[in-house]
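# An overview of the molecular structure
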Amino acid sequence: GDRRPHKNLKYLIELVKEIRFTLKKDIKLLIAGSKSYKNESLSKVIERNKDFVFEKISPTDSELKFLYMNCKSLFLLSKSEGFGIPVIEAESLGIKVVISNIPSLKEVASKNCLAIDCNSIEKNASEVISFLNSASSPNVKSIINKWSWKKSSIKLLKEFAVS
């Protein structure tokens, strides 16, 4: 995605900072996406935290797959979202997902994701740590069975079918 304020990237940075502090571990945060929206205040927060926050600007599909396959978890903590395709992409590869507790993300995420309210850094850090240390992970087969381009296009065609 981009860097609009509703993407909640400042909260994510603070959350990862708290997790790093709690665990006393050198955890890295990689923000992948577009810089099409200029967000100077976010850029300043990233610069202040450049010891653990990194950016990959406009990754290709193959770079994105590499990032998914080499991450501990995907975080999508948007305050509002139309449709969370990254959630489906990550879960279809067996990656744990942490989302904000909003209807559009809960609709696409599996029951094995963690949905947080994004209203308490300390509480959310504890929830995330427990989740990442748990054996819970997405059921890849059920994700792929539920979400595929073929199934989606068939459903879309049925919606537009003329009676």
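Coordinates for the structure precede this section.
Residues numbered from 1 in each chain as written. Predicted model: local features only at pLDDT ≥ 70, side-chain atom pairs only at ≥ 80, totals over all residues. Heavy atoms only, no water.

Tallying each qualifying case throughout the model produces 0 aromatic pairs. The positively charged end of Lys 24 is found above the aromatic ring belonging to Phe 21, 4.3 Å away from the centroid. Taking the ring centre of Phe 131 as reference, the NZ or CZ of Lys 96 above it sits at 5.1 Å. (Phe/Tyr/Trp six-rings, centres within 6.5 Å; stacked < 30°, edge-to-face > 60°. Lys NZ or Arg CZ within 6 Å of the ring centre and 35° of its normal.)

Now for the sheet that holds strand S5 (residues 114-116). Taken together, the 3 strands give an open sheet; going across it, the order is S3-S4-S5, and neighbouring strands pair in parallel fashion. Looking at strand neighbours, the two that pair on one side only are strand S3 (73-76) and S5, the edges of this open sheet. Across this sheet, the average inter-strand angle for adjacent strands is 15°, counted without regard to direction. Two elements, strand S4 (residues 96-100) and S5, share 3 bridges in a ladder whose sense is parallel. When the bridges of S5 are listed, Ser 100 appears paired with Ile 116. (Pairing = 2+ DSSP bridges. Helix = DSSP H or I, 4+ residues; strand = E, 2+ residues; numbered from the N terminus. Axes fitted to C-alpha atoms, helices over the stretch in contact; angles between N-to-C directions.)

The subject of this paragraph is the packing of helix H1 (residues 9-23) against helix H6 (residues 121-133). Where H1 meets H6, the axes come as close as 9 Å, and the angle between the chain directions of the two elements is 65°. Compared by their axis directions, H1 and H6 come out roughly perpendicular. Handedness of the crossing formed by H1 with H6: right-handed. Within the contact between the two elements, H1 uses Tyr 11, Glu 14, Leu 15, Glu 18, Ile 19, Thr 22 and Leu 23 and H6 uses Ile 121, Glu 122, Asn 124, Ala 125, Val 128 and Ile 129. A breakdown of the residues in the contact of H1 with H6 according to their chemical character gives 8 nonpolar, 2 polar and 3 charged. (Parallel < 35°, antiparallel > 145°, perpendicular 65-115°, else oblique. Left-handed = near helix turned anticlockwise from the far one by under 90°. Contact = heavy atoms within 4.5 Å. Nonpolar A, V, L, I, M, F, W, Y, C, P; charged D, E, K, R; others polar.)

Across the 5 residues of S4, 5 count as buried, placing the element largely inside the fold. What you see with S4 is no split at all: Lys 96, Val 98 and Ser 100 on one side and Val 97 and Ile 99 on the other are buried throughout. With helix H4 (residues 85-92) bridging S3 and the parallel S4, this β-α-β connection has right-handed handedness. Between S4 and its parallel partner S5, the chain crosses via helix H5 (residues 103-108), and the hand of that crossover is right-handed. (Buried < 20%, exposed > 50% of the residue type's maximum accessible area, 1.4 Å probe, protein only. Right-handed = clockwise from strand over helix to strand, strands pointing away.)

This part covers the layout of surface pockets. Looking at the largest pocket, its volume works out to about 1200 Å³. Forming the walls of the largest pocket are 42 residues, and the residues nearest its centre are Leu 29, Leu 30, Ser 73, Leu 74 and Phe 75. Elements with a minimum of two residues in the lining of the largest pocket: H1, strand S1 (29-33), helix H3 (61-69), S3, H4 and H6. Broken down by class, the residue content of the lining of the largest pocket amounts to 26 nonpolar, 8 polar and 8 charged. In this structure, the second largest pocket occupies an estimated 360 Å³ of space. Phe 83, Ile 85, Ile 88, Glu 89, Ser 92, Ile 144, Trp 147, Ser 148, Trp 149 and Ser 152 are the residues that line the second largest pocket. Taken together, the elements giving at least two residues each to the lining of the second largest pocket come down to H4 and helix H8 (149-160). The greatest single-element share of the lining of the second largest pocket, amounting to 4 residues, is contributed by H4. Grouping the constituent residues of the lining of the second largest pocket by class yields 6 nonpolar, 3 polar and 1 charged. (1 Å grid on protein atoms, 1.4 Å probe; cavity = no way out; pocket = protein on both sides within 12 Å on 5 of 7 lines; lining within 4 Å. Points joined across faces, edges and corners; volume = space filled by probe spheres on them.)

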